[in-house]
Amino acid sequence: MSPREPSAPEQPSGRGGLIGYFTRHPTAANLLMILLIVAGLVSVFKLRRQFFPDFGIDVITVSVVRPGATAEDVEANILAAIEPEVRYLDGVDEVISTAREGIGVIALQYEQGTDMQKAQAEVEQAVAGVTTLPEDAETPRVRRIVRYDTIARLVLSGPFPEAALESWAERIRDRLLAAGIDRVTLFGVRDDRILVELEPERLHALDLTIEGVARALAARSQEVPAGDLGDGTTVTPRVAERAKTADELAELELAGLPDGRRLRLSDVARVREGFDEDQPEGRRRGLRAVELHVERALTADALAVQDILDRELARIRAELPPQLVLERYSVLADLIRDRIRLLLENGASGFLLVLLILFLFLDARVAFWVAVGIPVSFGAMLAVLWLTGRTINMVSLFAMILAIGIVVDDAIVVGEHGVSLRARGLRPLHAAEFAARRMFAPV
């Protein structure tokens, strides 16, 4: 009997599924690779960049003011009338009602994905249908809470009066808004007040009381009705009696004197313009300061907004007085840029290491195609992020950095396995199909 002939290398059978199809049609695989790379390049310029992923609760508030009403009265006559009308609207997840002296607020929390423009219109329609509110209650105010993301903070400080510093801060805010910033919020700015400092001796000499002066001030600080038009319409004209400046309030008439002259507020008090002393005051290194929060809408790109801010700040600083200092801190866009830079550095170093190590220990062709897997896989990932409406943020960037290690490790293992199969005598086409079968075969 002749010696047994050596058997031919084992060839895998079957078609190998999707991976087997691409091994038999390399042109299709190359076209898919090119498509993924192009899709990744297109997506990287369209993806929105921000610090954290978008999350939060969509809220619509309904507030009603009733001057002088107690919290119990607000709850019984205002909240009890509005809450049943809005509680069961589409998409409402939770209703939180708050009654305080003179005001009632209803907060409607909505489910994720609710059309908030439609929801606001439904709330306005439901509130407009409430006809049992007290007559002295003001018109209900429906407001949608729009979320913003702070990207940087500015501090404006210097040896200037509070009013002048506030004026400069408002100018800077207006410049930034005109340049394309979505919102700028001022902090450390106190509300304007007209301060009235009464002279007790003068009041006593003229037989006046503090309560009487307070009633006269209250009457001058509101809008009073002037009667109906009388033509059957519901329009009620109002006469503005509110004093807007200290000089106008100083001319308030309190009483008549025996000699026919009119006693004015300036005769018994010192009237001046000032600020609400109960509110916090901004300070920076002992000087008055105003803080400006630069914010972006959720649909805006954080790095694009930061570029606008940088360009506009360069122009604003050139126009400020020498003693007025405008500083920037807590720039979140810089953290995003640093994380993107880290991702690019890790990706480039991983690409070069795979190429070098596989070139030294395996095959140059295998080293090249394994290294190409890194940009191809990331191109596919970026395309999926864009198509699903996701963003590049600190969380997704961290996941990308971790994924680089996984991609490089798997690429080396698959490349080495393919070389070992080729060394056993399998044709390249059958080797790839056999490897795919081994990878996806049931245990």
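Just so it is clear, the model here is predicted, and its values are computed rather than measured.

Student: Kindly report on the nonpolar core, identifying the contributing residues and their values.
Tutor: Counting 33 residues, the largest nonpolar core has Leu156 and Leu176 as its most contacted members. For this core, the secondary-structure elements that each account for two or more residues are β5 (148–157), α5 (162–179), β6 (183–187), β14 (287–297), α9 (302–319) and α10 (332–361). Once residues lying within four places of it in the same chain are set aside, the contact partners of leucine 176 are Leu154, Ile181, Val184, Val294, Leu309, Glu312 and Ile316. In this structure, Val92, Val95, Val123 and Val142 belong to the second largest nonpolar core, which totals 25 residues.

Student: So, the pattern of salt bridges: which residues are in play, and what are the values?
Tutor: Applying the stated criterion across every chain, the model contains 17 salt bridges. Notably, a salt bridge pairs glutamate 327 with arginine 285, separated by 4.0 Å at the nearest N-O pair. In this pair, glutamate 327 sits in strand β15 (residues 325–329) while arginine 285 sits in the loop between β13 (283–284) and β14, placing the two residues 42 residues apart along the sequence. Judged by relative accessible area, which is 70%, arginine 285 ranks as exposed. Residue aspartate 338 pairs with arginine 341 through a salt bridge whose shortest N-O separation is 2.8 Å. Taken together, the residues span about one helical turn, with aspartate 338 and arginine 341 both in helix α10 at a distance of three residues. Residue arginine 341 is classed as partly exposed on the basis of its relative accessible area, which comes to 44%.

Student: Describe the environment of isoleucine 37, with residues and values.
Tutor: Tracing the backbone shows isoleucine 37 in helix α2 (residues 26–44). With 342 residues separating them in the primary sequence, isoleucine 37 and glycine 379 have C-alpha atoms 5.0 Å apart.

Student: An account of the sheet that holds strand β3 (residues 103–110) is requested, with residue identities and associated values reported.
Tutor: Across the sheet, which stays open at both edges, the four strands sit in the order β2-β3-β1-β4 with antiparallel pairing between neighbours. In this open sheet, the two strands that pair with only one neighbour each are β2 (92–100) and β4 (141–145). Strand-to-strand twist in this sheet, taken as the mean axis angle between neighbours without regard to direction, amounts to 20 degrees. Packed on one face of the sheet, helix α3 (residues 71–86) meets β1 (59–65), β2 and β3 and runs near 160 degrees to β2.

Student: Break down the environment of valine 290 for me, citing the residues and quoting the values.
Tutor: Structurally, valine 290 can be placed in strand β14. According to the relative accessible area criterion, valine 290 is buried, its value standing at 4%. Along the sequence, valine 290 and leucine 156 sit 134 residues apart, while their C-alpha atoms lie 5.2 Å from each other. If we skip the residues at most four places from it in the chain, valine 290 touches Leu154, Val155, Leu156, Leu165, Ala169, Leu186, Phe187 and Val189.

Student: Before we move on, could you go through the packing of α2 against helix α11 (residues 364–387) and cite the residues and values that matter?
Tutor: Two elements in contact, α2 and α11, have axes separated by 7 Å at closest approach and are oriented at 50 degrees. Classified by the interaxial angle, the pair formed by α2 and α11 is oblique. For the element pair α2 and α11, the recorded crossing hand is left-handed. Only Trp369, Val372, Val376, Gly379, Ala380, Leu382, Ala383 and Trp386 of α11 make contact with α2, whose side of the interface consists of Met33, Leu36, Ile37, Ala39, Gly40, Val42, Ser43 and Val44.

Student: Requested: an account of unusual backbone geometry, with residues and values cited.
Tutor: Within the chain, arginine 285 stands out as a residue other than glycine whose phi angle is a positive 55 degrees. The residue serine 330 is not glycine, and still its phi comes out positive at about 50 degrees. Within the secondary structure, serine 330 is located in the loop between β15 and α10. We classify serine 330 as partly exposed; its relative accessible area is 31%.

About the cut-offs
- Position numbers for residues start from 1 in each chain and track the written sequence from start to end.
- Totals for whole chains, interfaces and linings use every residue, but because this is a predicted model, local features are given only for residues with pLDDT of at least 70 and side-chain atom pairs only at 80 or more, for both listing and counting.
- Excluding hydrogens and water, the side-chain values take into account all heavy atoms of the structure.
- The criterion is simple. A nonpolar core is a set of buried Ala, Val, Leu, Ile, Met, Phe, Trp, Tyr and Cys residues joined through side-chain atoms within 4.5 Å.
- Whether a residue is buried, partly exposed or exposed follows from its accessible area with a 1.4 Å probe, protein chains only, as a fraction of its type maximum: under 20%, in between, or over 50%, in that order.
- Starting at the N terminus, helices and strands are each numbered in turn, a helix being any DSSP run of H or I of at least four residues and a strand any DSSP run of E of at least two.
- Residue contacts are counted whenever heavy atoms from the two residues lie within 4.5 Å of one another.
- Salt-bridge detection follows one rule: a side-chain nitrogen of Lys or Arg within 4 Å of a carboxyl oxygen of Asp or Glu.
- A pair of strands is labelled paired if DSSP reports no fewer than 2 bridges between them.
- Here the axes come from fitting lines to C-alpha atoms, over the contacting stretch only for helices, and the angles between their N-to-C directions go from 0 to 180 degrees.
- Roughly parallel here means an angle under 35 degrees, roughly antiparallel means over 145, roughly perpendicular means 65 to 115, and every remaining angle is called oblique.
- Note on convention: near helix rotated counterclockwise from far helix by under a right angle means a left-handed crossing. Clockwise means right-handed.

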